[in-house]
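What follows is each chain in one-letter form.
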Amino acid sequence: MQTKLPDIGDECVIYQRKGFCPYGLTCRFGASHLNADGTNKKADGFVEGSVVSDVKNGMTKDLQRNLRKRTFDFHDGGQQNKRGGKDRKKGRDVLVAAVEAKKSIVESVIEADAVAEDEDVAVADADIEDESMATGDIRDEEHIRLLPAERKRLNFAGKLYLSPLTTVGNLPYRRICKRLGADITCGEMALANNLLTGQQSEWALMVRHSSEDLFGVQVCGSRPDVMGRLAELLKAEVSVDFVDINCGCPIDLVCNSGSGCALMGRSQRIEGVVKNMISVLDVPLTVKIRTGIHDGKNIAHELIPKLRDWGVSQVSLHGRSREQRYTKLADWKYIAECAEVAAAAADGNPMPLFGNGDVMNYQDYYVGGHRI
């Protein structure tokens with residue numbers, strides 16, 4: 001108790017709502033639930049195990065251990081082709097080989113049964129469903145991907161999207177924005193390699209509050225095989241409604257590694273990243289881009305149709321190039337042109353496009369013409 005920091009308030013909201021505060025002695029509102037000796041109180045009628053956290057997507061110790069020791073089972077994303085798009089045929093060939101192997105086992109069982117009519121042969125011993133008789137570690141779900149029509153869909157029409165804001169858009173900020181009317185929220189940008197190695201600070205960007213009913217996470221990486229493994233990890237361990245790839249970050253540290261806005265200049269690489277992740281995820285994939293890399297050389301209008309054809313569900317376009325970073329004004333005229341490109345879908349299903357840049361308040365959005 002002597003080393004405890006002084007309280008900043010008299011009432012602990014968690015204790016009032018749930019009858020027990022899991023923070024105990026470290027709570028800065030501990031006066032309401034701490035005894036004189038520092039032990040934690042429990043309200044009358046409190047039932048053990050009744051406290052359910054409002055936050056999801058935390059990293060458990062077991063998960064962190066498996067990631068750091070590289071024992072996590074990447075049975076799907078880790079086997080994706082680095083270029084993407086070519087693993088489907090290979091998967092089908094492997095699956096056909098497995099079916100043929102099982103077929104030969106059936107035939108051998110029938111022959112053995114016909115020869116040994118007088119013997120008490122247990123058919124169960126030759127059960128073709130026994131995994132031990134399969135050829136290799138093959139599971140159908142590893143090779144039969146979800147069709148676009150089977151994938152979950154998001155309806156962005158008429159919804160207010162709170163853009164991911166690095167160092168700003170943390171959980172408390174997003175909760176406030178949800179109360180003020182935001183419909184879609186997204187976590188801060190997280191680096192793929194840091195998530196795959198179990199860094200606690202990076203996994204803190206994955207957390208989701210129960211009030212965030214339409215929530216996504218934003219990730220950043222440059223290698224298709226790494227992003228495929230990340231997609232497998234997110235699919236298994238994180239509760240999200242969509243996953244966003246950040247191809248618009250202008251920071252040198254990110255771009256020098258080939259990630260962020262640098263991906264916009266490498267068409268084959270970004271194609272591999274997108275296709276690998278889509279082949280694994282069961283939720284929509286979205287992409288954040290800029291007008292281009294160099295000032296005055298817009299390429300977003302060329303990339304958007306490709307992203308749509310590769311299966312991307314939505315694109316967010318920042319009206320500045322990487323060279324501009326956050327200087328000068330965002331080019332909303334060009335954003336409107338790109339919106340027309342995104343809407344011109346041959347199949348009659350236009351891809352949603354969100355424009356952003358220089359929207360500082362509601363007047364910029366409703367009066368300033370920053371809408372498309």
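A brief look at the structure comes next. For every chain, the first residue of the written sequence is number 1, and numbering continues from 1 along that sequence. Per-residue local features are limited, in this predicted model, to residues with pLDDT of at least 70; the limit for side-chain atom pairs, both in listing and counting, is 80 or more; totals at the level of whole chains, interfaces and linings are taken over all residues. Only heavy atoms go into the side-chain values, all of them from the structure, while hydrogens and water stay out.

Considering the pairing of strand S7 (residues 285-290)
Phase 1 of the analysis: A 1.4 Å probe rolled over the protein chains alone gives each residue an accessible area, and that area as a share of the maximum for its type sets the label: buried under 20%, exposed over 50%, partly exposed in between. Counting from the N terminus, the helices are DSSP H or I runs at least four residues long and the strands are E runs at least two residues long. Of all 6 residues that make up S7, 6 are buried, and the element is covered over most of its length.
Phase 2 of the analysis: Burial along S7 is two-sided: Leu285, Val287 and Ile289 facing one way and Thr286, Lys288 and Arg290 facing the other are all buried.
Phase 3 of the analysis: Paired strands are those between which DSSP finds at least two bridges. Note: strand S6 (residues 242-247) against S7, 5 bridges, orientation parallel. Residue pairing across strands places aspartate 244 opposite threonine 286, the latter belonging to S7.
Phase 4 of the analysis: Strand direction decides the pairing type here: S7 and strand S8 (residues 314-318), joined by 5 bridges, are parallel. Looking at the pairing, threonine 286 lines up with glutamine 314 of S8.

Considerations on the environment of valine 359
Phase 1 of the analysis: Position of valine 359 relative to the elements: it lies in the loop between strand S9 (353-356) and helix H13 (362-366).
Phase 2 of the analysis: C-alpha separation for the pair valine 359 and alanine 330, spaced 29 residues apart in sequence, amounts to 9.5 Å.

Topic: the nonpolar core
Phase 1 of the analysis: Residues grouped as a nonpolar core are buried Ala, Val, Leu, Ile, Met, Phe, Trp, Tyr and Cys residues, joined through side-chain atoms within 4.5 Å. In terms of nonpolar packing, the biggest core is built from 60 residues, with Val243, Met277, Ile289 and Leu307 touching the most fellow members.
Phase 2 of the analysis: Core analysis: the second largest hydrophobic core is formed by 7 residues, Phe156, Cys186, Phe242 and Phe354 among them.

A look at the packing of aromatic side chains
Phase 1 of the analysis: Paired rings are identified among Phe, Tyr and Trp, the last through its six-membered ring, by centres lying within 6.5 Å, and are further divided according to the angle between planes into stacked (under 30 degrees), edge-to-face (over 60) and tilted (the rest). Under the counting rule described, the total for this entry stands at 6 aromatic pairs.
Phase 2 of the analysis: Ring centres of phenylalanine 156 and phenylalanine 242 lie 6.1 Å apart, and the angle between their planes is 75°; this geometry places the pair in the edge-to-face category. With phenylalanine 156 in the loop between helix H4 (140-143) and helix H5 (171-179) and phenylalanine 242 in strand S6, the pair connects residues that are 86 residues apart, well separated along the chain. The two residues phenylalanine 156 and phenylalanine 242 agree in class, both being buried.
Phase 3 of the analysis: Of the aromatic side chains, those joined through ring pairs into one cluster are Phe156, Tyr161, Phe242 and Phe354.
Phase 4 of the analysis: The ring of phenylalanine 20 has lysine 42 sitting right over it, with the charged end atom 5.7 Å from the ring centre. Two thresholds decide whether a charge sits over a ring: the Lys NZ or Arg CZ must be within 6 Å of the ring centre and within 35 degrees of the ring normal.

Details of the packing of helix H8 (residues 224-237) against helix H10 (residues 267-280)
Phase 1 of the analysis: Lines fitted to the C-alpha atoms define the axes, with helices restricted to the stretch that makes contact. Angles between their N-to-C directions range from 0 to 180 degrees. Running from N to C, H8 and H10 cross one another at 25°; their axes reach a closest spacing of 8 Å. Relative to H10, H8 is oriented roughly parallel. Once H8 is placed against H10, the crossing between them reads as right-handed. Contacts from Pro224, Asp225, Met227, Gly228, Ala231, Glu232 and Lys235 of H8 reach H10 at Arg269, Gly272, Val273, Asn276, Met277 and Val280. An angle counts as roughly parallel when it lies under 35 degrees, as roughly antiparallel when it exceeds 145, as roughly perpendicular when it falls between 65 and 115, and as oblique in every other case. In a left-handed crossing the near helix is turned counterclockwise from the far helix by less than a right angle, and in a right-handed crossing that turn is clockwise. Residues are treated as being in contact if the distance between any of their heavy atoms lies within 4.5 Å.

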